[in-house]
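Residues per chain, in single letters:
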Amino acid sequence: MVQSINTKVDLVSDATSHMGISEYGKIMIGDKGFEFFNSRDARKFIQIPWDEVDFVTASVMFKGKWIPRYAVQTKQNGKYIFSSKEPKKVLRAIRNYVDPSHMVQSLSFFDVIKRGFKSKVKK
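Source: prediction; values computed, not measured.

**Looking at the overall build of the protein**
- Each helix and strand in the protein was counted, giving two helices and eight strands.
- With the C-alpha coordinates aligned to their principal axes, the bounding extent of the protein is approximately 55 × 30 × 30 Å.
- Per-residue burial over the protein gives 36% buried out of 123 residues.
- Taking the contacts inside the protein whose residues are at least 6 apart along the sequence as the reference set, 42% of them involve residues at least 24 apart.
- For the protein, the exposed area adds up to about 8,500 Å²; of that, 54% sits on carbon and sulfur atoms.
- Positive and negative side-chain charges of the protein, numbering 22 and 12 respectively, have mean locations separated by a distance of 11 Å.

Rendered as structure tokens:
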């Protein structure tokens, strides 16, 4: 069994990790870090301490009505992508530990197309 890094838990929610093949489990947000535990295999887990978190990026659609997924970008190990049943509650709990200026909204589909078009015009 995996030992949690948190001493106090703020939120536990059902979630999916989108690292390669999707894995189902639970997200635990506490005073020491962000944790994901796989529901089937106890050896598959992700633990990210708060001092290692660089940015949290959320994919927002329909003017904030729906958040399909969010990513936690670390300083050294890259980006971890998750989705959960209650993403707004998860992001609000993360906001207590991560500076709100480090929580950003990802680009929409049309913003990506617009940037690509502008870069082609400049060349």
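Picking up where we left off.
**As for the packing of aromatic side chains**
- Following the criterion strictly, the structure yields five aromatic pairs and no others.
- On the numbers, 5.0 Å between centres and 55 degrees between planes, the contact of phenylalanine 34 with phenylalanine 82 is tilted. In this pair, phenylalanine 34 is assigned in strand S3 (residues 33-38) and phenylalanine 82 in strand S7 (residues 79-84), connecting sequence segments 48 residues apart.
- Classification of phenylalanine 34 by relative accessible area gives buried; the value is 0%.
- Exposure remark for phenylalanine 82: the relative accessible area of 0% places this residue in the buried category.
- A ring pair is formed by phenylalanine 109 and phenylalanine 110, whose centres lie 5.4 Å apart and whose planes are at 75 degrees; its orientation type is edge-to-face. Phenylalanine 110 shares its class with phenylalanine 109; the two are exposed.
- In this structure an aromatic cluster arises from ring pairing among Phe34, Phe36 and Phe82.

Criteria and thresholds
Residues numbered from 1 in each chain as written. Predicted model: local features only at pLDDT ≥ 70, side-chain atom pairs only at ≥ 80, totals over all residues. Heavy atoms only, no water. Helix = DSSP H or I, 4+ residues; strand = E, 2+ residues; numbered from the N terminus. Buried < 20%, exposed > 50% of the residue type's maximum accessible area, 1.4 Å probe, protein only. Contact = heavy atoms within 4.5 Å. Areas by Shrake-Rupley, 256 points an atom, 1.4 Å probe, with all protein chains shown as cover. Lys, Arg positive; Asp, Glu negative; His and termini not counted. Charge placed at Lys NZ, Arg CZ, Asp CG, Glu CD. Phe/Tyr/Trp six-rings, centres within 6.5 Å; stacked < 30°, edge-to-face > 60°.

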